[in-house]
Amino acid sequence: MSQTNRGRGPGLRGGRGPGAPFPVEKPKQFKQTLRRLLNYLKPYKWRLLSVLFATIISTLFTIYSPKLLGKATTTIFEGFVSKQTGALGGGIDFQSLLHLLLILLMLYVLSSLFNYLQQYIMAGIAQKVVYDIREEVNKKLKRLPLRYFDATPHGEVLSRVVNDMENVGNTLQQSLTTMIQSLVTIIGIIIMMLTISPLMTLIVVLTIPLSLFVLKPITQRSQKHFKEQQKQLGALNSHVEEMFTGHEIVKAYGHEKQSMARFGSINAELYQAGWRAQFISGMIMPLMMFIGNLGYVFICIVGGVLVTRQTIQIGDIQAFIQYARQFTQPINQVANISNIIQATIASAERVFEVLDKQEEEQLTSKPEVLSSPKVEVRFEHVHFSYRPDEPLIEDMSIDVKQGQSIAIVGPTGAGKTTLVNLLMRFYEVDKGRITIDNVDITKMDRGDLRSLFGMVLQETWLFNGTIKENIAYSQDHVSDEAIVKAAEAAFADHFIRTLPEGYETVLNEEASNISQGQRQLLTIARAILANPTILILDEATSSVDTRTEIHIQQAMDNLLKGRTSFIIAHRLSTIQNADLILVMDNGTVIEQGTHNELLERQGFYAELYHSQYQQATS
Amino acid sequence: MNVMLALFKFFKPYKWFILAILIFTLLQALSNLYLPTLMSDIVDKGIVNNDISYIIKIGIYMLIISVIAAVFSIITSFLSAKTAIGFGRDVRNEMFSRVESFSLQEFDTIGTASIITRTTNDILQVQQVYMMIFRVMITAPMMCIGGIVMALSKDKMLSLVVIVAMPILFVIIWSIGKRGMPLFRAIQKRLDRMNLVLRERLTGIRVVRAFNRSDHEEKRFEKANHDLAASAIKVNKIMAMMMPSMMLILNLATIAIVWFGSIRIDHGHMQVGDLMAFIQYAMQIMFSLIMLSMMFVMVPRASASATRIQEVLTTEPSIIEDGAVEAEQPISRKEGITFQKVTFNYPGAEKPALADITFTARPGEVTAIIGGTGSGKSTLLKLIERFYDYQEGQITIGGREITQWPLKQLRSQIGYVPQKVALFSGTVNENIKFGKREVSDEEIRHVAQVAQASEFIARMKEGYETYLTQNASNLSGGQKQRLSIARALIRKPAIYLFDDSFSALDYKTDAALRSALVEETKEATMLIVAQRVSTVMHADQIIVLEDGHMVGIGTHEQLLNECSVYKEIVASQIKGEGIA
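Every value quoted in this text rests on a predicted model; they were computed, and no experiment measured them.

Across its full length, chain B carries 22 helices and 12 strands. Rg of the C-alpha trace for chain B: 36 Å, well past the compact-globule value of 25 Å for 580 residues, more than 25% over. Dimensions of chain B, computed from the C-alpha atoms along their principal axes, are close to 120 × 60 × 50 Å. Burial status across chain B gives 59% buried among its 580 residues. By sequence separation, contacts in chain B at least 24 residues apart represent 76% of the contacts at least 6 residues apart. Approximately 23,600 Å² of chain B is accessible, and the part contributed by carbon and sulfur atoms is 58%. One way to put it: in chain B the 61 positive side-chain charges average out to a point 7 Å from where the 55 negative ones average out.

Right, here's the structure in full:
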């Protein structure tokens, strides 16, 4: 359960916003991943085209309006000057001014309208694409072999499905249109500026290399501090985690002061790196503003001179100032956007990696169905290993008759649980075969096969729901009586009724409101309710105390009657009545027989047995 | 919002910094705002009079002002970085020391995982928002105020346009924000839900598949996914209105300014350059309002975190050292532990975890406690450590009620070995020394020997200097248990509490350890909690617990005769064999 909180671990991946010079993760295969991501956009191509159209229209209108506003200013200026010079009919030409302003009004309204449309349509597309990909992962998870889940930390899968997809969604929602907007704006503004004055355009365009020149060293320096900050943050987080999870010991051994001192020193280091990183990256905005102001000042000077020479008009300065102001922002955005796109493609790539994992083999022929299962299980010369270089099970053969109970014992790492993995087809055998009623299990549908089994594991998995729902997990519609009956059989009814809400008690996320032993009882009830043909108990009562275990044992004995069962146990007391005991060590069955037979043999089992009971019986 | 304010007290040490930030921000805003005024001079005096040298002179002024503005904002950036990051550091320190003062009960209530995220993520989140506030939220109002002042100074009549437009803009931001906010919260909830569903599916993958419930889980996820997408679409569609409508108001205001401005120019009340400057002021004012609208996104996110932080900071530790008197002598080793009718309830629990417990554990003796899961065995040890305070009765140690001892003194006399081993990242040496700082290497080697740990430590690459990773994942369960025992031994305490501490040991090690312990702990008071009869049967007295009640006390032989629960326990473990 230590995995549970890793899902949204602390992290600052994909930092964005103004001046966020975090180290950006780079995708491995940019082109392929981009193409693949674009494929998901295909079903929405008409809508995307309309977004593109709306974006271009609204941007063009935005670009054109300063020019009109400049004309309006010029009109006013000319009227003003003519009045001052006392020309006949002097004064502002309100007629043409009104005309200009009305056109401007229309442009503004349309521009906002199209801008709204563009964002509105994009909202649907972006979130649906995210939904589609997540759905695909959802379906994929069902088909992935257990090998994948065992080898991949849960937190990693979680962060791919949740965080990475959020990342992709945000980018689609905002950055895509922003990018189009920015590109159109930059090109459009340059054209508009050129029509006014090439010289002044040069001034504005020159600010770009200037800002890159200024920003680069700053970004580099701040990255260094950000990295240091990340490092200290990591140290701080692990210290916190360690001290708080070991809180009991920290208190018992009076370690609070040292713990606090250590925290204080990491925290101080974090502060040093942190304020430097913030300060340096915080300089980016003022410096950009300064460069913008430089452009502004030079426009004023050069523009002023040009107006006096009558090369341009007064309104042109006005328009130019607006263009220059509008110019820096898209430049910033385009500079940022390459980072954002890199991070997004890297996120998408991580999700696609999940989608590309090898799936469980599916049956090619029609699955075999057991009509009336007698359930005789046979392992025939089974070989298996988790890793090719470390053979685990070698040439194992077992023959289980109907209704027999098979116990598997042996030290940890002997391969006991592996047997279950193979039987349930969580993993596939490398060589040999496993049959049920003479049917090779690989020829059966996995679902059909698994429906034969009921399973209780040492690791007690329950979900965030009521006790009732948890017991009834195996089926959709179960009567309350059946649930209570199963709980009674598992000796869980009593403790459930002592809970304030009884069967309606909601187990919290970590199911910490009931004890480990109680959780185990619930999982047993769950298996009982499933009413399986074959029962697998993998250390099913390890957290239950021995007296309760005896009670459960009795219930189990009733349940097991006539059923084939596999019992993996640590405590030998629970398995003495088994029909067959398999003693495993290093992946092979080294002894088999009944309890008494094995004791007489004076071998591994006998030694194991005595080591557990000698003390108590001496 | 209120919680965000509650955290404001942490800014107190920075009040001069903050004042300086405010002043420099205002100066910087004013410098930036002065530029349009200079520009209007260029237009109205330079251009109108064809005075190029005047244009250049003003241009140089503008350059100087730009440099000054840049310097001011760099100073601001420096101060706000120091303040916001310093704030984060201070809150973190306060939080950590507060948590270190907590007893186990506070951990139970809030949850360990939650306390960890609050100390790490939540503080980071809040710190980032304050950083943003310094960068944006202070600049924006300053720009706004400065803009209004300058606009008024240019032309009072024309300022009316701005004064009309501002509330409209504000209402639009507010009304869209008001509709969007609950949805943002809903998204957060649904994200959490999706996380939960997926996490459960991953951790329970074997069970899901064994019960053929993959389709069921798929549907659960699909629903979570669908709900999330629906909320996200909705909120994005609402927020899509934000920018366009704000821009529209801004642009309409500009048109109005030009129109009314032209009339005033025509009447000779103002000049063209003034109008151009005025338009820029209006833009500044409006943009600063738009920047403020970012509050809608930033603040709720941080205020959720602030609430969680505040919750921890205002939680009072349940164990307080009221009435504790520093004793000059360490706890006497001669008197052992006495329980007198002790009853303890976990807060909110219906039934007491321990009820009416009375016994005496004497020095030099072993007192064992046995019972089923949930019978209260571990709780009993935790009461002795004073992790919780009992409600009724009395526990005395060394002749004094335990609440009369300072916690430090009390705990320093106890060697506690918990059920769940917790080791820390650091060397083997450091982990053993955890219980006592100043010890010689011989002592460490000696206790390792007793705990049967010296052999495997010697086998490790760097022996006692071997670095253990977090949770000591490079050790086996049994090895961890032995180190945890060595850690208790090195304190040479008056009292030992062993909570099921031998469970991961194999038979041989267990036996060797136990006989070595006898010598080492001859004079100490020993309490051993166990599940196995074999562990407790040689104890001087055995306490049998059932559902928090004592149902038997005595030696193995006595209990076999008198106590039915004990008999059952024994029978369950030695099935089919003769009972001695």
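Residues and elements named next belong to chain A. In this fold, Asp 437 is placed in the loop between strand 4 (431-436) and strand 5 (439-440). At 2.7 Å, the side chain of Asp 437 and the backbone nitrogen of Glu 376 are in polar contact. In contact with Asp 437, not counting residues within four places along its chain, are Leu 370, Ser 372, Pro 373, Lys 374, Val 375 and Glu 376.

Taken together, the contact between chain B and chain A spans 155 residues of the former and 157 residues of the latter. For chain B, the biggest contributors to the area lost against chain A are B:Arg206, B:Arg209 and B:Phe211; these three give 6% of the whole. Across the pair B:Glu218 and A:Lys142 runs a salt bridge, and its minimum N-O distance is 3.0 Å. Along the contact surface separating chain B from chain A lie 37 residue pairs in polar contact (both at pLDDT 80 or more). Element by element, the count of residues in the side of chain B that touches chain A is highest for helix 3 (residues 52-101) of chain B, at 25 residues. Per-class residue counts for the side of chain B that touches chain A are 76 nonpolar, 46 polar and 33 charged.

One frequent convention defines the size of an interface as the accessible area lost when the parts assemble. Taken as a whole, chain B is organised into domain 1 (1-154 + 294-318), domain 2 (156-269), domain 3 (338-413 + 494-506 + 519-575) and domain 4 (418-492). Put simply, the middle of domain 2 of chain B and the middle of domain 4 of chain B, counted by C-alpha atoms, are 55 Å apart.

Now for the sheet that holds strand 6 (residues 453-456) of chain A. All names here are of chain A. Pairing is mixed in the open sheet, where six strands are placed in the order 6-7-8-3-9-10. Each having just a single partner strand, strand 6 and strand 10 (588-593) make up the two edges of the open sheet. When the angles between neighbouring strand axes are averaged without regard to direction, this sheet yields 15°. By the bridge criterion, four bridges tie strand 3 (residues 405-409) to strand 8 (residues 564-568) in an arrangement that is parallel. Within strand 8, the residue paired with Ser 405 across the bridge is Ser 565. Contacting strand 3, strand 6, strand 7 (534-538), strand 8 and strand 9 (580-585), helix 11 (residues 416-423) runs over the sheet at an angle of about 145° to strand 8.

What follows concerns the UniProt feature "transmembrane region" (unreviewed entry) in chain A. All names here are of chain A. With numbering matched to this structure, UniProt assigns "transmembrane region" (unreviewed entry) to residues 46-64, 97-117 and 284-307. Taken end to end, residues 46-64 is 100% helix and 0% strand, and its first and last C-alpha atoms sit 27 Å apart. Along residues 97-117 one finds 100% helix and 0% strand; the C-alpha atoms at either end are 30 Å apart.

Structurally, chain A comprises domain 1 (29-196), domain 2 (198-311) and domain 3 (377-617). A separation of 28 Å is found between the C-alpha centroids of domain 1 of chain A and domain 2 of chain A.

Residue and element names in this part refer to chain B. The buried fraction of strand 10 (residues 525-530) amounts to six of the six residues, a majority that puts the element mostly inside the structure. Side chains of strand 10 alternate between two faces, with Thr 525, Leu 527 and Val 529 and Met 526, Ile 528 and Ala 530 buried alike. As paired elements, strand 3 (residues 366-371) and strand 10 share five bridges and run parallel to each other. In the sheet register, Thr 367 faces strand 10, and the bridge partner there is Leu 527. Relative to strand 10, strand 9 (residues 495-499) runs parallel, the two sharing five bridges. Among the inter-strand pairings, Ile 495 is bridged to a residue of strand 10, identified as Thr 525. Handedness of the crossover is the feature at issue here: the chain leaves strand 9, passes through helix 19 (residues 507-520), returns alongside strand 10, and the resulting connection is right-handed.

Given 3.6 residues per turn, any residue in an α-helix points the same way as the ones three and four places further on. Residue and element names in this part refer to chain A. In terms of burial, helix 11 is largely enclosed, as seven of its eight residues are buried. Those residues of helix 11 that sit buried are Lys 416, Thr 418, Leu 419, Val 420, Asn 421, Leu 422 and Leu 423. Within two residues after helix 11, Arg 425 carries a phi angle of roughly 60°, on the positive side.

A word on the pattern of salt bridges. For the structure on display, the rule yields 43 salt bridges over all chains. A salt bridge links A:Asp164 to A:Arg350; its shortest N-O distance comes to 2.8 Å. One end of the pair, A:Asp164, is in helix 5 (residues 154-196); the other, A:Arg350, is in helix 10 (residues 314-355), and 186 residues separate them in sequence. With its nearest N and O atoms 2.8 Å apart, the salt bridge here joins B:Arg308 to B:Asp122. Linking B:Arg308 in helix 12 (residues 295-314) with B:Asp122 in helix 5 (residues 112-137), this pair joins segments that are 186 residues apart in sequence. Using a relative accessible area of 34% as the deciding quantity, one classes B:Arg308 as partly exposed. Classification of B:Asp122 as buried rests on a relative accessible area of 6%.

The next point concerns the layout of surface pockets. Residues and elements named next belong to chain A. Roughly 780 Å³ of volume is contained in the second largest pocket. Taken together, 28 residues line the second largest pocket, and the ones lying closest to its centre are Glu 360, Glu 361, Gln 362, Glu 428 and Arg 446. With three residues, helix 12 (residues 446-451) is the single largest residue contributor to the lining of the second largest pocket. Looking at the lining of the second largest pocket residue by residue, the class counts come to six nonpolar, eight polar and 14 charged.

Residues and elements named next belong to chain B. Where like charges cluster on the molecular surface, the negative patch consists of Glu 430, Asp 441, Glu 442, Glu 462 and Glu 465. Positionally, Glu 465 belongs in the loop between helix 17 (454-459) and strand 8 (467-468). Under the relative-accessibility criterion, Glu 465 is labelled partly exposed at 45%.

A separate point is the nonpolar core. Core analysis: the largest hydrophobic core is formed by 228 residues, its most contacted members being A:Val377, A:Ile436, A:Ile471, A:Leu522 and B:Met62. With near-sequence residues (within four places) excluded, A:Ile471 lies in contact with A:Ile483, A:Ala486, A:Ala487, A:Ile496, A:Tyr503, A:Leu522, A:Ala525, A:Arg526 and A:Leu529.

As a further point, take helix 10 (residues 242-266) of chain B. Spanning 25 residues, helix 10 of chain B covers 36 Å between terminal C-alpha atoms, matching the ideal 36 Å at 1.5 Å per step. Following helix 10 of chain B by one or two positions, B:Gly268 adopts a phi angle in the positive range, close to 80°.

Backbone-to-backbone hydrogen bonds pair the strands of a sheet. The strands run either parallel or antiparallel. All names here are of chain A. Pairing is antiparallel across the open sheet formed by four strands, whose spatial order is 2-1-4-5. Two strands bound the open sheet, and with one partner strand each, they are strand 2 (393-400) and strand 5. Two elements, strand 4 and strand 5, share two bridges in a ladder whose sense is antiparallel. Paired with Ile 436 across the strands is Val 439, a residue of strand 5. The strands that helix 11 touches are strand 1 (377-384), strand 2 and strand 4; relative to strand 1, the one it contacts most, it runs at about 110°.

Right, let's talk about the side chain of A:Thr523 for a bit. Residues and elements named next belong to chain A. Summarising the element assignment, Thr 523 is placed in helix 16 (residues 516-530). Among the polar contacts made by the side chain of Thr 523, one reaches the main-chain carbonyl oxygen of Gln 520 at a distance of 2.7 Å. When sequence neighbours within four positions are dropped, the list of residues in contact with Thr 523 reads Val 456, Thr 460, Trp 461 and Leu 462.

Quick look at the environment of A:Val420 now. Residues and elements named next belong to chain A. Within the element layout of this structure, Val 420 appears in helix 11. Separated by 116 residues in sequence, Val 420 and Ile 536 place their C-alpha atoms 7.6 Å apart. Once residues within four sequence positions are removed from consideration, Val 420 is found in contact with Met 455, Ile 536 and Ile 568.

Residue and element names in this part refer to chain A. Of all five residues making up strand 8, five are buried, and the element is well covered by its neighbours. Of the two faces of strand 8, the one carrying Thr 564, Phe 566 and Ile 568 and the one carrying Ser 565 and Ile 567 are both buried. Relative to strand 8, strand 7 runs parallel, the two being bridged by five bridges. Within strand 8, the residue paired with Asp 538 across the bridge is Ile 568.

Criteria and cut-off values
- Residues numbered from 1 in each chain as written.
- Chains lettered and ligands numbered in written order.
- Predicted model: local features only at pLDDT ≥ 70, side-chain atom pairs only at ≥ 80, totals over all residues.
- Heavy atoms only, no water.
- Helix = DSSP H or I, 4+ residues; strand = E, 2+ residues; numbered from the N terminus.
- Rg over C-alpha atoms; globule rule 2.2 N^0.38 Å.
- Buried < 20%, exposed > 50% of the residue type's maximum accessible area, 1.4 Å probe, protein only.
- Contact = heavy atoms within 4.5 Å.
- Areas by Shrake-Rupley, 256 points an atom, 1.4 Å probe, with all protein chains shown as cover.
- Lys, Arg positive; Asp, Glu negative; His and termini not counted.
- Charge placed at Lys NZ, Arg CZ, Asp CG, Glu CD.
- Polar contact = N/O pair within 3.5 Å; in protein donor to acceptor, adjacent residues only side chain to side chain.
- Buried area = accessible area lost by both parts, 1.4 Å probe.
- Salt bridge = Lys/Arg side-chain N within 4 Å of Asp/Glu carboxyl O.
- Nonpolar A, V, L, I, M, F, W, Y, C, P; charged D, E, K, R; others polar.
- Domains from an automatic or database assignment.
- Pairing = 2+ DSSP bridges.
- Axes fitted to C-alpha atoms, helices over the stretch in contact; angles between N-to-C directions.
- UniProt positions renumbered as here; feature names shortened; annotations may be inferred.
- Right-handed = clockwise from strand over helix to strand, strands pointing away.
- 1 Å grid on protein atoms, 1.4 Å probe; cavity = no way out; pocket = protein on both sides within 12 Å on 5 of 7 lines; lining within 4 Å.
- Points joined across faces, edges and corners; volume = space filled by probe spheres on them.
- Patch = residues over 30% accessible without salt bridge, like charges linked within 9 Å, V, L, I, M, F, W, Y side chains within 5 Å.
- Core = buried A, V, L, I, M, F, W, Y, C linked by side-chain atoms within 4.5 Å.
- Expected span 1.5 Å × (residues − 1).

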